[in-house]
Amino acid sequence: MNENEIKTIVTKQRAFFSTGATLDVGYRIKALKKLQNAIQKNEEAIGAAIQKDLGKSSFESYMCETGLCLSEISYMIRHTPSFAREKTVHTPLAQFHSRSYRKPSPYGVTLIMSPWNYPFLLTVDPLVDAIAAGNTAVVKPSAYSPHTGEIIRQLISECFEEEYVAVITGGRAENTCLLNEHFDYIFFTGSQSVGKEVMRHAANHLTPVTLELGGKSPCIVTQSANIKLVAKRIVFGKFLNCGQTCVAPDYIYCDATVKEPLLAEIKKQIRLQFGDDPLSNRNYGKIINQKHFDRILKLIDKEKTVHGGNSNSQTLQIEPTVLDSVTFEDAVMQEEIFGPVLPILTYHSINDAIQKINSMEHPLALYLFTRSQATVKKVTSQCGFGGGCINDTVIHLATSEMGFGGFGESGMGSYHGKDGFQTFSHYKSIVDKKTWIDLPMRYQPYSSFYDKLVHFFLK
(Lines give C-alpha, C1' and ligand atoms only; values in the text may rest on other atoms or scores of the structure.)
Protein backbone atom coordinates (compact mmCIF):
# COMPACT_ATOMS: atom_id res chain seq x y z
CA MET A 1 0.00 0.00 0.00
CA ASN A 2 1.47 3.37 -1.01
CA GLU A 3 1.70 6.65 0.88
CA ASN A 4 -1.39 8.20 -0.70
CA GLU A 5 -3.57 5.17 0.09
CA ILE A 6 -2.43 5.22 3.72
CA LYS A 7 -3.05 8.96 3.96
CA THR A 8 -6.56 8.43 2.54
CA ILE A 9 -7.38 5.81 5.18
CA VAL A 10 -6.19 8.05 8.02
CA THR A 11 -8.21 10.97 6.62
CA LYS A 12 -11.34 8.80 6.32
CA GLN A 13 -10.93 7.58 9.91
CA ARG A 14 -10.53 11.11 11.21
CA ALA A 15 -13.71 12.16 9.40
CA PHE A 16 -15.58 9.14 10.75
CA PHE A 17 -14.41 9.74 14.32
CA SER A 18 -15.59 13.34 14.10
CA THR A 19 -19.16 12.11 13.48
CA GLY A 20 -19.26 10.92 17.11
CA ALA A 21 -20.45 7.42 16.18
CA THR A 22 -17.86 5.70 18.37
CA LEU A 23 -18.81 7.74 21.43
CA ASP A 24 -21.90 5.55 21.79
CA VAL A 25 -21.08 2.67 24.14
CA GLY A 26 -23.68 0.51 22.41
CA TYR A 27 -21.83 1.01 19.12
CA ARG A 28 -18.59 -0.19 20.75
CA ILE A 29 -20.23 -3.27 22.27
CA LYS A 30 -21.78 -4.17 18.93
CA ALA A 31 -18.35 -3.89 17.28
CA LEU A 32 -16.75 -6.10 19.93
CA LYS A 33 -19.44 -8.76 19.51
CA LYS A 34 -18.97 -8.70 15.74
CA LEU A 35 -15.22 -9.26 16.19
CA GLN A 36 -15.88 -12.00 18.74
CA ASN A 37 -18.17 -13.88 16.36
CA ALA A 38 -15.69 -13.60 13.50
CA ILE A 39 -12.84 -15.01 15.62
CA GLN A 40 -14.97 -17.90 16.87
CA LYS A 41 -16.10 -18.71 13.34
CA ASN A 42 -12.52 -18.70 12.04
CA GLU A 43 -10.67 -20.42 14.91
CA GLU A 44 -9.30 -23.19 12.67
CA ALA A 45 -8.13 -20.76 9.98
CA ILE A 46 -6.42 -18.61 12.61
CA GLY A 47 -4.65 -21.65 14.07
CA ALA A 48 -3.55 -22.78 10.61
CA ALA A 49 -2.10 -19.35 9.83
CA ILE A 50 -0.16 -19.22 13.09
CA GLN A 51 1.10 -22.75 12.44
CA LYS A 52 2.46 -21.70 9.04
CA ASP A 53 4.27 -18.72 10.52
CA LEU A 54 5.62 -20.20 13.77
CA GLY A 55 4.92 -23.93 13.76
CA LYS A 56 2.68 -23.68 16.82
CA SER A 57 0.27 -26.50 17.57
CA SER A 58 -3.44 -25.74 17.51
CA PHE A 59 -3.56 -26.20 21.30
CA GLU A 60 -0.76 -23.70 21.91
CA SER A 61 -2.28 -21.23 19.44
CA TYR A 62 -5.60 -21.28 21.25
CA MET A 63 -4.06 -21.26 24.75
CA CYS A 64 -1.67 -18.39 24.06
CA GLU A 65 -3.38 -16.37 21.35
CA THR A 66 -6.97 -16.93 20.19
CA GLY A 67 -8.33 -17.89 23.60
CA LEU A 68 -6.76 -14.90 25.31
CA CYS A 69 -8.20 -12.56 22.68
CA LEU A 70 -11.69 -13.99 23.20
CA SER A 71 -11.23 -13.61 26.95
CA GLU A 72 -10.30 -9.94 26.56
CA ILE A 73 -13.30 -9.32 24.29
CA SER A 74 -15.68 -10.96 26.78
CA TYR A 75 -14.20 -8.88 29.60
CA MET A 76 -14.61 -5.65 27.64
CA ILE A 77 -18.17 -6.46 26.59
CA ARG A 78 -19.06 -6.84 30.29
CA HIS A 79 -17.15 -3.87 31.64
CA THR A 80 -17.07 -1.17 28.96
CA PRO A 81 -20.37 0.41 30.09
CA SER A 82 -18.99 1.00 33.59
CA PHE A 83 -15.51 2.02 32.36
CA ALA A 84 -17.05 4.62 30.04
CA ARG A 85 -19.14 6.36 32.73
CA GLU A 86 -18.23 9.70 34.19
CA LYS A 87 -16.77 9.34 37.70
CA THR A 88 -17.76 11.95 40.30
CA VAL A 89 -14.92 12.98 42.62
CA HIS A 90 -14.76 15.06 45.80
CA THR A 91 -15.22 18.81 45.36
CA PRO A 92 -13.36 21.10 47.80
CA LEU A 93 -15.42 23.49 49.90
CA ALA A 94 -13.90 26.47 48.09
CA GLN A 95 -15.76 25.35 44.93
CA PHE A 96 -19.19 25.30 46.61
CA HIS A 97 -21.63 24.60 44.93
CA SER A 98 -20.17 22.40 42.16
CA ARG A 99 -19.87 18.87 40.85
CA SER A 100 -16.38 17.61 39.94
CA TYR A 101 -15.98 14.62 37.68
CA ARG A 102 -13.60 12.76 35.35
CA LYS A 103 -14.91 11.96 31.88
CA PRO A 104 -13.18 9.20 29.86
CA SER A 105 -12.89 10.17 26.21
CA PRO A 106 -11.31 8.34 23.26
CA TYR A 107 -8.14 9.79 21.79
CA GLY A 108 -9.40 9.48 18.22
CA VAL A 109 -7.47 7.85 15.37
CA THR A 110 -5.03 5.30 16.79
CA LEU A 111 -2.19 3.26 15.27
CA ILE A 112 -1.48 -0.27 16.53
CA MET A 113 1.80 -1.83 15.38
CA SER A 114 2.26 -5.47 16.36
CA PRO A 115 5.13 -8.01 16.33
CA TRP A 116 5.53 -11.47 14.81
CA ASN A 117 6.06 -13.67 17.87
CA TYR A 118 2.41 -13.71 18.99
CA PRO A 119 1.02 -12.22 15.81
CA PHE A 120 -2.69 -12.68 16.50
CA LEU A 121 -2.77 -11.96 20.24
CA LEU A 122 -0.57 -8.87 20.14
CA THR A 123 -2.57 -7.39 17.29
CA VAL A 124 -6.11 -8.13 18.40
CA ASP A 125 -5.70 -7.58 22.15
CA PRO A 126 -4.80 -3.87 21.94
CA LEU A 127 -7.36 -3.45 19.15
CA VAL A 128 -10.08 -4.70 21.51
CA ASP A 129 -9.02 -2.11 24.10
CA ALA A 130 -8.94 0.67 21.49
CA ILE A 131 -12.45 -0.21 20.25
CA ALA A 132 -13.82 -0.45 23.79
CA ALA A 133 -12.45 3.02 24.56
CA GLY A 134 -14.21 4.46 21.49
CA ASN A 135 -11.35 5.00 19.05
CA THR A 136 -10.86 4.18 15.40
CA ALA A 137 -7.78 2.11 14.59
CA VAL A 138 -5.23 1.48 11.88
CA VAL A 139 -3.65 -1.91 12.50
CA LYS A 140 -0.22 -2.88 11.16
CA PRO A 141 0.72 -6.57 11.67
CA SER A 142 4.34 -7.66 11.27
CA ALA A 143 5.59 -8.58 7.81
CA TYR A 144 7.50 -11.50 9.39
CA SER A 145 4.22 -13.37 10.07
CA PRO A 146 2.45 -12.93 6.71
CA HIS A 147 -0.07 -15.76 7.03
CA THR A 148 -1.41 -14.45 10.34
CA GLY A 149 -1.33 -10.91 8.99
CA GLU A 150 -3.51 -11.99 6.09
CA ILE A 151 -6.09 -13.77 8.27
CA ILE A 152 -6.25 -10.65 10.46
CA ARG A 153 -6.83 -8.51 7.37
CA GLN A 154 -9.63 -10.81 6.24
CA LEU A 155 -11.30 -10.83 9.67
CA ILE A 156 -11.14 -7.07 10.11
CA SER A 157 -12.42 -6.33 6.59
CA GLU A 158 -15.28 -8.76 7.22
CA CYS A 159 -16.22 -6.98 10.46
CA PHE A 160 -15.55 -3.28 9.83
CA GLU A 161 -15.37 -0.58 7.21
CA GLU A 162 -11.83 0.80 6.87
CA GLU A 163 -13.07 4.19 8.06
CA TYR A 164 -13.46 2.50 11.47
CA VAL A 165 -10.78 -0.21 11.59
CA ALA A 166 -8.28 -0.80 8.79
CA VAL A 167 -5.41 -3.27 8.37
CA ILE A 168 -2.24 -2.22 6.54
CA THR A 169 0.00 -5.11 5.49
CA GLY A 170 3.53 -4.81 4.16
CA GLY A 171 6.99 -4.11 5.52
CA ARG A 172 9.35 -1.28 6.30
CA ALA A 173 8.04 1.09 3.63
CA GLU A 174 4.49 0.87 4.98
CA ASN A 175 5.77 1.30 8.55
CA THR A 176 7.57 4.49 7.55
CA CYS A 177 4.51 5.89 5.77
CA LEU A 178 2.34 5.17 8.80
CA LEU A 179 4.75 6.78 11.24
CA ASN A 180 4.87 9.91 9.09
CA GLU A 181 1.10 10.32 9.51
CA HIS A 182 -0.48 12.21 12.38
CA PHE A 183 -2.21 9.79 14.77
CA ASP A 184 -3.82 10.65 18.09
CA TYR A 185 -2.26 7.66 19.84
CA ILE A 186 0.34 5.03 18.90
CA PHE A 187 0.52 1.59 20.48
CA PHE A 188 3.68 -0.32 19.55
CA THR A 189 4.88 -3.80 20.50
CA GLY A 190 8.33 -4.90 19.35
CA SER A 191 12.05 -4.34 19.78
CA GLN A 192 13.79 -1.50 21.57
CA SER A 193 15.47 -0.29 18.38
CA VAL A 194 12.19 0.06 16.47
CA GLY A 195 10.51 1.44 19.60
CA LYS A 196 12.99 4.32 19.59
CA GLU A 197 12.07 5.07 15.97
CA VAL A 198 8.38 5.01 16.81
CA MET A 199 8.93 7.43 19.67
CA ARG A 200 11.06 9.72 17.50
CA HIS A 201 8.35 9.94 14.83
CA ALA A 202 5.60 10.36 17.44
CA ALA A 203 7.48 13.36 18.84
CA ASN A 204 6.95 15.23 15.57
CA HIS A 205 3.24 15.47 16.37
CA LEU A 206 3.59 15.19 20.17
CA THR A 207 1.59 11.97 19.88
CA PRO A 208 1.35 9.92 23.11
CA VAL A 209 2.65 6.37 22.87
CA THR A 210 2.59 3.03 24.61
CA LEU A 211 5.72 0.96 24.01
CA GLU A 212 5.68 -2.75 24.82
CA LEU A 213 9.29 -3.82 24.38
CA GLY A 214 11.34 -6.62 25.95
CA GLY A 215 14.62 -7.19 27.74
CA LYS A 216 16.59 -9.82 29.60
CA SER A 217 14.05 -11.11 32.12
CA PRO A 218 15.79 -12.88 35.01
CA CYS A 219 14.56 -15.99 36.76
CA ILE A 220 15.87 -15.97 40.33
CA VAL A 221 16.01 -19.34 42.11
CA THR A 222 16.79 -19.26 45.82
CA GLN A 223 18.09 -21.97 48.12
CA SER A 224 14.63 -22.60 49.58
CA ALA A 225 12.87 -23.16 46.23
CA ASN A 226 11.07 -26.38 45.28
CA ILE A 227 13.60 -27.48 42.66
CA LYS A 228 11.43 -30.01 40.83
CA LEU A 229 8.57 -27.54 40.44
CA VAL A 230 11.00 -24.76 39.54
CA ALA A 231 12.44 -26.79 36.66
CA LYS A 232 9.01 -27.79 35.37
CA ARG A 233 7.70 -24.24 35.28
CA ILE A 234 10.87 -22.64 33.93
CA VAL A 235 11.05 -25.15 31.06
CA PHE A 236 7.42 -24.42 30.21
CA GLY A 237 7.86 -20.64 30.23
CA LYS A 238 11.27 -20.55 28.56
CA PHE A 239 10.60 -22.86 25.63
CA LEU A 240 7.00 -21.87 24.96
CA ASN A 241 6.90 -20.68 21.33
CA CYS A 242 10.56 -21.76 21.09
CA GLY A 243 11.56 -19.01 23.48
CA GLN A 244 10.13 -16.32 21.21
CA THR A 245 8.13 -14.73 24.03
CA CYS A 246 8.81 -11.20 25.28
CA VAL A 247 8.31 -12.31 28.89
CA ALA A 248 10.16 -15.63 28.63
CA PRO A 249 12.75 -16.21 31.35
CA ASP A 250 15.87 -14.97 29.56
CA TYR A 251 18.30 -16.53 32.01
CA ILE A 252 18.37 -18.38 35.33
CA TYR A 253 20.10 -16.63 38.20
CA CYS A 254 20.28 -19.20 40.98
CA ASP A 255 21.88 -19.67 44.36
CA ALA A 256 25.18 -21.47 43.74
CA THR A 257 24.23 -24.23 46.19
CA VAL A 258 21.23 -25.37 44.11
CA LYS A 259 22.68 -25.10 40.61
CA GLU A 260 23.58 -28.75 40.11
CA PRO A 261 20.27 -30.26 41.25
CA LEU A 262 18.39 -27.56 39.32
CA LEU A 263 20.38 -28.28 36.16
CA ALA A 264 19.66 -32.00 36.46
CA GLU A 265 15.93 -31.34 36.87
CA ILE A 266 15.85 -28.93 33.91
CA LYS A 267 17.40 -31.55 31.64
CA LYS A 268 14.86 -34.07 32.91
CA GLN A 269 11.94 -31.69 32.31
CA ILE A 270 13.07 -30.89 28.76
CA ARG A 271 12.97 -34.60 27.96
CA LEU A 272 9.59 -35.04 29.66
CA GLN A 273 7.97 -32.05 27.94
CA PHE A 274 9.57 -32.24 24.49
CA GLY A 275 10.85 -35.80 24.18
CA ASP A 276 14.32 -37.19 23.47
CA ASP A 277 14.25 -35.63 19.99
CA PRO A 278 12.45 -32.27 20.21
CA LEU A 279 13.14 -31.50 16.55
CA SER A 280 10.83 -34.34 15.54
CA ASN A 281 8.11 -33.33 18.01
CA ARG A 282 5.20 -32.06 15.90
CA ASN A 283 4.10 -29.77 18.76
CA TYR A 284 7.49 -28.04 18.93
CA GLY A 285 7.55 -24.88 16.85
CA LYS A 286 10.20 -23.11 14.81
CA ILE A 287 12.16 -19.90 14.64
CA ILE A 288 10.34 -17.21 12.67
CA ASN A 289 12.92 -16.78 9.87
CA GLN A 290 16.48 -17.41 8.72
CA LYS A 291 17.77 -14.12 10.12
CA HIS A 292 16.72 -14.93 13.68
CA PHE A 293 17.71 -18.60 13.30
CA ASP A 294 21.28 -17.56 12.44
CA ARG A 295 21.35 -14.94 15.19
CA ILE A 296 20.33 -17.43 17.90
CA LEU A 297 22.85 -20.06 16.75
CA LYS A 298 25.64 -17.50 17.17
CA LEU A 299 24.67 -17.14 20.84
CA ILE A 300 25.18 -20.86 21.56
CA ASP A 301 28.66 -21.52 22.93
CA LYS A 302 29.32 -25.19 22.18
CA GLU A 303 31.82 -25.46 25.01
CA LYS A 304 29.22 -24.32 27.53
CA THR A 305 26.31 -26.31 26.08
CA VAL A 306 25.22 -28.99 28.57
CA HIS A 307 21.93 -29.93 26.91
CA GLY A 308 20.56 -29.62 23.39
CA GLY A 309 22.33 -27.40 20.90
CA ASN A 310 21.25 -29.24 17.77
CA SER A 311 19.36 -27.48 14.98
CA ASN A 312 17.70 -28.08 11.61
CA SER A 313 18.31 -25.35 9.03
CA GLN A 314 15.62 -26.76 6.75
CA THR A 315 12.83 -26.40 9.31
CA LEU A 316 14.44 -23.46 11.19
CA GLN A 317 14.26 -25.38 14.46
CA ILE A 318 16.68 -25.25 17.39
CA GLU A 319 16.52 -27.71 20.27
CA PRO A 320 15.82 -26.51 23.80
CA THR A 321 19.39 -25.65 24.77
CA VAL A 322 20.94 -25.12 28.20
CA LEU A 323 24.25 -23.33 28.80
CA ASP A 324 26.26 -23.69 32.01
CA SER A 325 29.24 -21.78 33.44
CA VAL A 326 27.94 -18.62 31.82
CA THR A 327 29.13 -15.15 32.86
CA PHE A 328 27.54 -11.76 32.34
CA GLU A 329 30.31 -11.00 29.83
CA ASP A 330 29.36 -13.84 27.46
CA ALA A 331 27.71 -13.03 24.12
CA VAL A 332 24.46 -14.71 25.18
CA MET A 333 24.14 -12.16 28.00
CA GLN A 334 24.64 -9.09 25.81
CA GLU A 335 21.21 -9.11 24.16
CA GLU A 336 17.71 -10.47 24.64
CA ILE A 337 17.94 -14.09 23.49
CA PHE A 338 14.40 -14.47 22.13
CA GLY A 339 14.99 -18.12 21.37
CA PRO A 340 15.26 -21.59 22.98
CA VAL A 341 18.59 -20.99 24.72
CA LEU A 342 18.71 -20.94 28.53
CA PRO A 343 21.91 -19.71 30.27
CA ILE A 344 22.44 -20.52 33.94
CA LEU A 345 24.34 -18.11 36.17
CA THR A 346 24.88 -18.24 39.94
CA TYR A 347 24.98 -15.82 42.86
CA HIS A 348 26.20 -16.21 46.46
CA SER A 349 23.81 -13.84 48.22
CA ILE A 350 20.39 -12.49 47.29
CA ASN A 351 21.62 -8.95 47.94
CA ASP A 352 24.36 -9.43 45.33
CA ALA A 353 21.75 -10.77 42.88
CA ILE A 354 19.50 -7.76 43.43
CA GLN A 355 22.41 -5.35 42.98
CA LYS A 356 23.46 -7.03 39.72
CA ILE A 357 19.94 -7.06 38.26
CA ASN A 358 19.45 -3.41 39.14
CA SER A 359 22.73 -2.51 37.41
CA MET A 360 21.30 -3.78 34.12
CA GLU A 361 18.48 -2.42 31.94
CA HIS A 362 15.05 -2.85 33.54
CA PRO A 363 13.53 -6.14 32.31
CA LEU A 364 9.97 -6.61 31.12
CA ALA A 365 9.50 -9.49 33.58
CA LEU A 366 11.11 -10.95 36.68
CA TYR A 367 10.48 -14.40 38.13
CA LEU A 368 11.33 -15.46 41.65
CA PHE A 369 11.25 -19.00 43.02
CA THR A 370 11.44 -19.14 46.80
CA ARG A 371 9.58 -20.26 49.92
CA SER A 372 10.69 -17.17 51.84
CA GLN A 373 8.17 -14.34 52.06
CA ALA A 374 10.94 -12.07 53.31
CA THR A 375 12.82 -12.71 50.06
CA VAL A 376 9.67 -12.08 48.03
CA LYS A 377 9.22 -8.72 49.75
CA LYS A 378 12.88 -7.78 49.32
CA VAL A 379 13.11 -8.67 45.60
CA THR A 380 9.74 -7.26 44.53
CA SER A 381 10.40 -4.04 46.45
CA GLN A 382 14.00 -3.43 45.43
CA CYS A 383 14.16 -4.68 41.82
CA GLY A 384 12.80 -2.64 38.92
CA PHE A 385 10.79 -4.62 36.35
CA GLY A 386 7.52 -4.54 34.41
CA GLY A 387 5.69 -7.46 36.03
CA GLY A 388 6.27 -11.08 36.92
CA CYS A 389 5.47 -14.13 39.00
CA ILE A 390 6.39 -15.71 42.28
CA ASN A 391 7.03 -19.45 41.86
CA ASP A 392 5.87 -19.48 38.22
CA THR A 393 6.62 -17.94 34.84
CA VAL A 394 4.77 -16.07 32.07
CA ILE A 395 1.21 -16.50 33.42
CA HIS A 396 0.93 -12.96 34.83
CA LEU A 397 0.04 -11.61 31.38
CA ALA A 398 -2.87 -14.01 30.89
CA THR A 399 -5.47 -11.99 32.77
CA SER A 400 -7.64 -8.98 32.07
CA GLU A 401 -7.68 -8.11 35.77
CA MET A 402 -4.09 -6.78 35.81
CA GLY A 403 -2.31 -4.38 33.51
CA PHE A 404 0.65 -5.66 31.53
CA GLY A 405 3.51 -3.44 30.47
CA GLY A 406 7.16 -2.55 30.69
CA PHE A 407 9.29 -0.26 32.80
CA GLY A 408 12.19 1.90 31.68
CA GLU A 409 14.06 0.21 28.84
CA SER A 410 11.40 -2.52 28.59
CA GLY A 411 8.65 -0.08 27.68
CA MET A 412 6.10 2.41 28.96
CA GLY A 413 2.39 2.17 29.58
CA SER A 414 0.25 -0.92 30.06
CA TYR A 415 -2.86 -2.63 28.78
CA HIS A 416 -5.28 -5.55 29.35
CA GLY A 417 -8.71 -5.03 30.87
CA LYS A 418 -9.30 -1.74 32.65
CA ASP A 419 -5.70 -0.67 32.09
CA GLY A 420 -6.21 -1.15 28.35
CA PHE A 421 -9.34 0.99 28.38
CA GLN A 422 -7.49 3.69 30.31
CA THR A 423 -4.51 3.53 27.94
CA PHE A 424 -6.70 4.37 24.96
CA SER A 425 -8.67 7.03 26.84
CA HIS A 426 -8.02 10.61 27.85
CA TYR A 427 -9.65 11.52 31.16
CA LYS A 428 -11.05 15.05 31.12
CA SER A 429 -11.22 16.71 34.53
CA ILE A 430 -14.36 18.86 34.66
CA VAL A 431 -15.96 21.11 37.30
CA ASP A 432 -19.67 21.83 36.78
CA LYS A 433 -20.22 25.07 38.71
CA LYS A 434 -23.79 26.00 39.64
CA THR A 435 -25.14 29.46 38.89
CA TRP A 436 -27.55 30.02 41.76
CA ILE A 437 -24.76 31.13 44.08
CA ASP A 438 -21.58 33.09 43.41
CA LEU A 439 -19.19 33.56 46.31
CA PRO A 440 -17.62 37.03 46.05
CA MET A 441 -14.32 36.29 47.79
CA ARG A 442 -12.34 35.42 44.66
CA TYR A 443 -13.05 38.74 42.95
CA GLN A 444 -11.18 41.99 43.45
CA PRO A 445 -11.04 44.19 45.34
CA TYR A 446 -9.69 41.85 48.01
CA SER A 447 -10.14 42.57 51.73
CA SER A 448 -8.69 41.18 54.93
CA PHE A 449 -12.05 39.57 55.69
CA TYR A 450 -12.05 37.70 52.39
CA ASP A 451 -8.41 36.77 52.93
CA LYS A 452 -9.36 35.06 56.18
CA LEU A 453 -12.25 33.27 54.47
CA VAL A 454 -9.99 31.97 51.69
CA HIS A 455 -7.51 30.62 54.23
CA PHE A 456 -10.38 28.97 56.09
CA PHE A 457 -11.79 27.24 53.00
CA LEU A 458 -8.44 26.10 51.60
CA LYS A 459 -6.71 24.89 54.73
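In short, a report on the structure. (Residues numbered from 1 in each chain as written. Predicted model: local features only at pLDDT ≥ 70, side-chain atom pairs only at ≥ 80, totals over all residues. Heavy atoms only, no water.)

### Some words on the packing of aromatic side chains
Going by this rule: We call Phe, Tyr and Trp rings a pair once their centres come within 6.5 Å, taking the six-membered ring for Trp, and we label the pair stacked below 30 degrees between planes, edge-to-face above 60, and tilted otherwise. Under the scheme used here, helices are H or I runs from DSSP no shorter than 4 residues and strands are E runs no shorter than 2 residues, and both carry numbers assigned from the N terminus. Throughout, exposure labels follow a simple rule: accessible area from a 1.4 Å probe, protein chains only, divided by the maximum for the residue type, with under 20% read as buried, over 50% as exposed, and the rest as partly exposed.
The full count for this structure, using the stated rule, is 18 aromatic pairs. The interplanar angle of 55° and the centroid separation of 5.8 Å between the aromatic rings of Phe16 and Tyr164 together place this pair among those described as tilted. Taken as a pair, Phe16 in helix H1 (residues 3-18) and Tyr164 in the loop between helix H6 (146-159) and strand E5 (165-167) lie far apart in primary sequence, 148 residues in all. A ring pair is formed by Phe187 and Phe424, whose centres lie 5.6 Å apart and whose planes are at 20°; its orientation type is stacked. Residue Phe187 is located in strand E6 (residues 185-189), and its partner Phe424 is located in the loop between helix H14 (417-423) and strand E20 (425-433); the two are separated by 237 residues in the primary sequence. Residues Phe187 and Phe424 agree in their burial class; the two are buried.

### Quick notes on the state of the cysteines
We apply this condition: For this text, the term disulfide refers to a pair of cysteine sulfurs within 2.5 Å.
Applying the stated criterion to the full structure yields 0 disulfides. You can see Cys254 has no disulfide; the closest cysteine sulfur is in Cys219, sitting 9.5 Å from it. As a non-bridged cysteine, Cys389 has Cys219 as the owner of its nearest cysteine sulfur, 9.5 Å distant.

### Side note on a nonpolar patch on the surface
Short version of the rule: Patches in this entry comprise residues that are over 30% relatively accessible and not in a salt bridge; like charges within 9 Å are linked, as are nonpolar side chains (Val, Leu, Ile, Met, Phe, Trp, Tyr) within 5 Å. Reported accessibility uses the Shrake-Rupley method at a 1.4 Å probe radius. Residues are deemed covered only where the shown protein chains occlude them. For this document, the term salt bridge refers to a Lys or Arg side-chain nitrogen within 4 Å of an Asp or Glu carboxyl oxygen.
Together, Leu93, Phe96 and Trp436 make up an exposed nonpolar region whose accessible area comes to about 350 Å². Within the secondary structure, Phe96 is located in the loop between strand E1 (87-89) and strand E2 (98-106). Here Phe96 falls in the partly exposed class, since its relative accessible area comes to 36%.

### Focus on the environment of Thr321
Which entries qualify depends on this criterion: By definition in these notes, contact holds between two residues if any of their heavy atoms fall within 4.5 Å. Two N or O atoms form a polar contact when they lie within 3.5 Å of each other; inside protein one atom must be a possible hydrogen donor and the other a possible acceptor, and for residues adjacent in sequence the pair counts only when both atoms belong to side chains.
With respect to the element layout, Thr321 can be found in strand E13 (residues 321-323). Owing to a relative accessible area of 0%, Thr321 belongs among the buried residues under this scheme. For the pair Thr321 and Ile270, spaced 51 residues apart in sequence, the C-alpha separation works out to 9.1 Å. With residues near it in sequence (within four places) discarded, Thr321 still touches Phe239, Ile300, Thr305, His307, Gly308, Gly309, Pro340, Val341 and Leu342. Within the structure, Thr321 has its side chain in polar contact with the backbone oxygen of Glu319 (distance 2.8 Å).

### Side note on the sheet that holds strand E14 (residues 341-347)
To keep it simple, the criterion reads: Here, strands pair whenever DSSP counts at least two bridges between them. Here an axis means a line fitted to C-alpha atoms, over the contact stretch when the element is a helix, while the angle between two N-to-C directions is reported on a 0 to 180 degree scale.
Overall, mixed pairing links the 7 strands, which are arranged E10-E13-E14-E9-E8-E15-E16 in an open sheet. For this open sheet the edge positions go to strand E10 (305-307) and strand E16 (387-390), each flanked by a neighbour on one side alone. This sheet shows a mean twist of 25° between the axes of neighbouring strands, independent of strand direction. Bridge analysis of strand E9 (residues 251-255) against E14 gives 4 bridges, and the strand direction is parallel. Within E14, the position partnered with Ile252 by the bridge is Ile344. Each of strand E8 (218-221), E9, E13, E14 and strand E15 (365-369) is contacted by helix H9 (residues 227-239), which is oriented at about 140° to E14, the strand it contacts most. Contacting E8, E15 and E16, helix H13 (residues 373-382) runs over the sheet at an angle of about 165° to E15.

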